[in-house]
Amino acid sequence: MPAAEYASRRERVLAELKSKQKGAVALLFAGDARGEDPYRPHPHFEYLTGIDDEPGAMLLLDPNEPVASRRAVLFLRPLDPEVERWDGLREGIGSSLRTRYGIATIMRHRYLGRTLSTATVRAKRLCCLHPPAHFDQPLSPDLDLFRKLAERIPGTEIVADADLLPRMRAAKSPAEVAMIRHAASITRAGFLAAMRSIRAGLDEYQVESTLDGAYRAGNSRRHAFRPIVGAGINATVLHYHGNCEPLESGDLVLIDSGAEFGGYASDVTRTLPIDGRFTKRQREIYEIVLKALDAGIKACRPGKRLSDVDAAARKVVTAAGYGDCFPHGTGHHLGLEVHDATPDEPLRVGAVLTVEPGIYLPDERIGIRIEDDIEVTAKGPRNLTRDVPRTVAEIERAMGR
Ligand code: GLY
Ligand code: MN
Ligand code: MN
C-alpha cells in the first residue's frame with residue numbers, strides 16, 4: 001500500500017475534524033502488545049498509518065495546527081537497546097523512518113504531554129473516534145487522557161464521532177480491494193489443496209494443516225481468523241474450532257477459512273462431501289444454500305443494506321422450509337478485520353462483504369454453509385471468490401473422484 005494512500009486518509013480525517021467537529025483534536029492508539037501473537041495494532045491506527053510493528057504508538061491529529069506538516073504527529077515509545085536485543089531492533093527517528101512511514105513529524109512519547117496540551121489550549125475540543133465503552137469496561141486511553149486535559153484546561157469539550165472511520169473503512173480503495181483479492185487467491189490455493197486431499201480417515205487438523213501449508217507457500221503471514229474444519233455433526237456447530245476429529249465416509253466437511261495478506265482478510269466457506277460425491281439428500285440441501293447465496297450476492301448493490309442482503313438470502317431458505325435451520329446473520333464487511341468496521345449507512349461502491357447462508361440439520365449430520373467475498377461496484381456485485389469451486393459439479397470435479 002503506497003504511503004501516499006495513508007497520508008490521504010489522514011488528510012481526510014483532518015478535514016472532517018475541521019468541518020464537522022469544529023477543529024477538534026483526535027488521538028489514536030496503536031495499543032499494547034499484551035501477549036497477542038503476533039501483535040496487531042488497533043485497526044483504525046493501522047488504517048491511518050500502515051504501521052503494524054510499533055506497540056504503544058499514537059497518532060495525534062490536530063486540524064488547527066498552523067504548520068501543515070505538524071497536523072499529523074506520530075508518537076513512538078523510546079528506544080531501549082537492552083529490550084531491543086531481545087525483541088527486535090528498532091530504528092531511530094530520522095529521515096529514513098519519516099520516509100518509510102510517510103509521516104513528516106515523528107516524536108518520542110515524552111513530547112506527547114506538551115504537544116497535546118498546546119493543541120488542546122488552541123482547539124478547546126477533543127474528539128474520540130471509537131465507539132463508546134460500556135459503563136463497566138475500562139476507560140479508553142484517549143478518554144483517560146482527554147479527561148485529565150479537560151481538568152487542567154477549563155472550557156475543554158470532549159466530543160465523539162464513532163462513525164467517521166467506519167464510514168471511510170467501509171468503502172475500500174482499489175489498492176485495498178487488490179489486497180483482499182490477493183488474500184482470496186491464496187485462500188483458493190488452500191481450498192483446492194484441501195479438495196484434492198480430503199478423504200475418509202484423515203483428521204480435521206490434517207485438513208487445517210493443508211490450508212496452513214498453502215497459505216504459507218502463498219506468502220500469507222497468517223490466517224485471517226481461526227479456521228473451522230468440521231466434519232459430520234461438527235459441521236452443524238457454528239463456532240466449532242476443535243478441528244481434531246476423524247473424517248468419516250458418507251459425511252460432509254465444512255471448511256471456513258481465509259488467508260490474510262497485507263493485513264487484509266479473506267473469508268471463505270465451502271462444504272465438501274468427504275467421499276468426493278454428494279448424496280442425493282446432501283445435494284438437495286446444498287442447492288438451496290447455493291441459491292440463497294446467489295440471491296444474497298445479487299442484493300450486494302450500492303444503496304442496499306446488510307439487512308437487505310440477509311433478507312434476500314433468508315427468503316430462499318425460508319421458502320424451502322428451512323428458515324429455522326439458518327440461525328446466523330448472512331454476512332459482514334471484510335477488510336483489515338474479518339468482521340470489519342460497519343457504519344450505519346447503506347452500502348457504497350467499494351464495500352466488500354461476505355455472504356454466507358447456511359442450513360444445519362444435526363439429526364441428519366448435515367451442516368452446509370457456503371461463503372463468498374463480494375465487492376460492491378457501480379456495475380453490480382463482483383464475486384472475489386467465485387473461482388473457489390462452489391457448485392456441486394465444480395466441487396466433485398475439483399475433488400477428482
Ligand atoms: N469465519 C468467520 C465468519 O465467517 O464470519
Ligand atoms: Mn467465514
Ligand atoms: Mn464470514
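Attention in this report is confined to the structure presented alongside it.

Calculation rules
- Residues numbered from 1 in each chain as written.
- Chains lettered and ligands numbered in written order.
- Predicted model: local features only at pLDDT ≥ 70, side-chain atom pairs only at ≥ 80, totals over all residues.
- Heavy atoms only, no water.
- Donors = N, O, S within 2.8 Å, 3.2 Å for Na, K, Ca; no water.
- Tetrahedral: all angles 85-135°; square planar, octahedral: opposite > 155°, others 65-115°.
- Helix = DSSP H or I, 4+ residues; strand = E, 2+ residues; numbered from the N terminus.
- Buried < 20%, exposed > 50% of the residue type's maximum accessible area, 1.4 Å probe, protein only.
- Pairing = 2+ DSSP bridges.
- Axes fitted to C-alpha atoms, helices over the stretch in contact; angles between N-to-C directions.
- Parallel < 35°, antiparallel > 145°, perpendicular 65-115°, else oblique.
- Left-handed = near helix turned anticlockwise from the far one by under 90°.
- Contact = heavy atoms within 4.5 Å.
- Nonpolar A, V, L, I, M, F, W, Y, C, P; charged D, E, K, R; others polar.

1. Let's talk about the coordination of the manganese ion (ligand 2)
- Protein ligation of the manganese ion (ligand 2) involves Asp 256 (OD), Asp 256 (OD), Asp 267 (OD) and Glu 371 (OE), the donor distances falling in the range 2.0 to 2.6 Å.
- The site at the manganese ion (ligand 2) holds 6 donor atoms, and with the angles between them running 54 to 170 degrees, its shape is irregular.
- Site description for the manganese ion (ligand 2): donor spacing in sequence, D-x10-D-x103-E.
- The metal-metal distance between the manganese ion (ligand 2) and the manganese ion (ligand 3) comes to 3.2 Å, with Asp 267 coordinating both. Separated by 104 residues along the polypeptide, Asp 267 in the loop between strand S10 (264–265) and strand S11 (268–273) and Glu 371 in the loop between strand S14 (366–369) and strand S15 (372–377) bring together distant segments of the chain.
- What makes Asp 267 buried here is its relative accessible area of 3%.

2. Things to note about the sheet that holds strand S16 (residues 380–383)
- Across the sheet, which stays open at both edges, the 3 strands sit in the order S12-S15-S16 with antiparallel pairing between neighbours. Looking at strand neighbours, the two that pair on one side only are strand S12 (352–355) and S16, the edges of this open sheet. The mean angle between the axes of side-by-side strands here comes to 40 degrees, regardless of whether they run parallel or antiparallel.
- Pairing of S12 with S15, which is carried by 4 bridges, proceeds in the antiparallel orientation. Across the sheet, the residue bridging to Val 352 is Glu 375, located in S15.

3. Considerations on unusual backbone geometry
- Phi angles above zero are rare outside glycine, and Asn 219 is one such case at about 80 degrees.
- Structurally, Asn 219 is set in the loop between helix H9 (204–217) and strand S7 (228–231).
- For Asn 219, a relative accessible area of 59% puts it in the exposed group.
- For Arg 365, which is not glycine, the phi torsion reads 55 degrees and is therefore positive.
- Along the polypeptide, Arg 365 turns up in the loop between strand S13 (358–361) and S14.

4. Overview of the coordination of the manganese ion (ligand 3)
- Listed as protein donors to the manganese ion (ligand 3) are Asp 267 (OD), His 332 (NE2), Glu 356 (OE) and Glu 371 (OE); their distances from the metal cover 2.0 to 2.2 Å.
- Note that the manganese ion (ligand 3) binds 6 donor atoms; their angles at the metal cover 51 to 158 degrees, and the shape is irregular.
- Counting the intervening residues between successive donors of the manganese ion (ligand 3) yields the motif D-x64-H-x23-E-x14-E.

5. Details of the packing of helix H10 (residues 280–298) against helix H11 (residues 306–319)
- Relative orientation of the contacting elements H10 and H11 amounts to 155 degrees, with a least axis distance of 8 Å. On the basis of their axis angle, the class for H10 and H11 is roughly antiparallel. Handedness of the crossing formed by H10 with H11: right-handed. Contacts between H10 and H11 involve Ile 288, Lys 291, Ala 292, Ala 295 and Gly 296 on the former and, on the latter, Val 309, Ala 312, Ala 313, Val 316 and Val 317.
- Residue composition of the contact of H10 with H11, by class: 8 nonpolar, 1 polar and 1 charged.

6. With respect to the sheet that holds strand S8 (residues 252–257)
- With respect to topology, 3 strands assemble into an open sheet ordered S7-S8-S11, the strand pairing being antiparallel. Here the strands that pair on one side only, and so sit at the sheet edges, are S7 and S11. For this sheet the average axis-to-axis angle between neighbouring strands, irrespective of direction, equals 10 degrees.
- Where S8 lies against S11, 6 bridges are found, and the strand directions are antiparallel. Bridge assignment links Ser 257 to a residue of S11, and that residue is Val 268.
- This element, H9, spans S7 and S8 of the sheet and lies at about 150 degrees to S7.

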